[in-house]
Amino acid sequence: VCTGSTTKFRISRRLLRWSQGRSQTLNARGRVNKYLQLFVKAMDVYGLIHERYIRTSEGLEQMKDKYEDGVFGTCPRERCEGFNVLPYGPSHRLNTSKLKAFCPKCKEVYMM
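Each value, and the rule that gives it
Residues numbered from 1 in each chain as written. Predicted model: local features only at pLDDT ≥ 70, side-chain atom pairs only at ≥ 80, totals over all residues. Heavy atoms only, no water. Helix = DSSP H or I, 4+ residues; strand = E, 2+ residues; numbered from the N terminus. Buried < 20%, exposed > 50% of the residue type's maximum accessible area, 1.4 Å probe, protein only. Areas by Shrake-Rupley, 256 points an atom, 1.4 Å probe, with all protein chains shown as cover. Patch = residues over 30% accessible without salt bridge, like charges linked within 9 Å, V, L, I, M, F, W, Y side chains within 5 Å. Salt bridge = Lys/Arg side-chain N within 4 Å of Asp/Glu carboxyl O. Contact = heavy atoms within 4.5 Å. Expected span 1.5 Å × (residues − 1). Phe/Tyr/Trp six-rings, centres within 6.5 Å; stacked < 30°, edge-to-face > 60°.

**Some thoughts on the overall build of the protein chain**
When helices and strands are tallied, the protein chain shows 3 helices and 5 strands. Taken over 112 residues, the protein chain has a buried fraction of 19%. Carbon together with sulfur atoms contributes 54% to the accessible area of the protein chain, which is approximately 8700 Å² in total.

Structure below.
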């Protein structure tokens, strides 16, 4: 069981065995479906790890550096004159909303 701030899910033993190459032989369609299931769960686990990491002092320092370098983009409003934006996730729940951009100058949220 993997647990995040508000997320909990199970990785099935069968899927885990398959990912380690210890499962029964599946036909091509079965392999693709299992791979896609594993990929989706792996991305969820990555998201939970990332969420926790960026709250550490090292993670916050890296986020500050990326913000200052403009890695996340700039505000689309002309009056903000290219002010850097921050990534904004409106929910801590997995797969419930798309990542957005927040401009600290005009205090608006935009689609990324």
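What follows continues from the structure just given.
**Remarks on a nonpolar patch on the surface**
Residues Val-32, Tyr-35, Leu-36, Phe-39, Val-40, Met-43 and Tyr-46 make up a contiguous nonpolar surface patch of about 700 Å² in total accessible area. Here Met-43 shows up in helix 2 (residues 28–53).

**Here's the deal with unusual backbone geometry**
The backbone of Glu-81 shows a phi angle near 50 degrees, a positive value even though the residue is not glycine. Position of Glu-81 relative to the elements: it lies in the loop between helix 3 (57–68) and strand 3 (86–88). Despite not being glycine, Lys-107 shows a phi value in the positive range, around 65 degrees.

**So, the environment of Tyr-67**
Tracing the backbone through its elements, the reader meets Tyr-67 in helix 3. Spatially, the C-alpha atoms of Tyr-67 and Val-85 are 7.1 Å apart, while their sequence positions differ by 18 residues. Those residues within four positions of Tyr-67 in sequence are excluded, and the remaining contacts are Phe-72, Phe-83, Asn-84, Val-85, Leu-86 and Pro-104.

**Topic: helix 3**
Between its terminal C-alpha atoms helix 3 stretches 16 Å, which fits the 16 Å expected from 12 residues at 1.5 Å a residue. Note on helix 3: the residue one or two positions beyond its end, Gly-70, has a positive phi of about 75 degrees.

**Things to note about the packing of aromatic side chains**
Aromatic ring pairs: the centre-centre distance and the angle between the two ring planes describe each pair. As enumerated under the stated definition, the model contains 1 aromatic pair in all. A ring pair is formed by Tyr-35 and Phe-39, whose centres lie 6.3 Å apart and whose planes are at 25 degrees; its orientation type is stacked. Pair noted here: Tyr-35 and Phe-39 are both in helix 2, with a separation of 4 residues, about one helical turn. Under the relative-accessibility criterion, Phe-39 is labelled partly exposed at 42%.

**Some thoughts on the pattern of salt bridges**
If you walk through the whole model with that rule in mind, you get 4 salt bridges. Here Arg-55 ties to Glu-51 by a salt bridge, and the two come within 3.4 Å at their closest N and O atoms. Residue classification places Arg-55 among the exposed positions, given a relative accessible area of 52%. Between Lys-64 and Glu-68 there is a salt bridge, and its shortest N-O distance comes to 3.7 Å. Residue Lys-64 and its partner Glu-68 are located together in helix 3, separated by 4 residues, close to a single helical turn. In the salt-bridge network here, residues are joined through shared partners; they are Glu-61, Lys-64, Asp-65 and Glu-68.

**A word on the environment of Met-43**
The class for Met-43 is partly exposed, based on a relative accessible area of 43%. C-alpha of Met-43 to C-alpha of Leu-94: the two residues are 51 residues apart in sequence and 10.0 Å apart in space.

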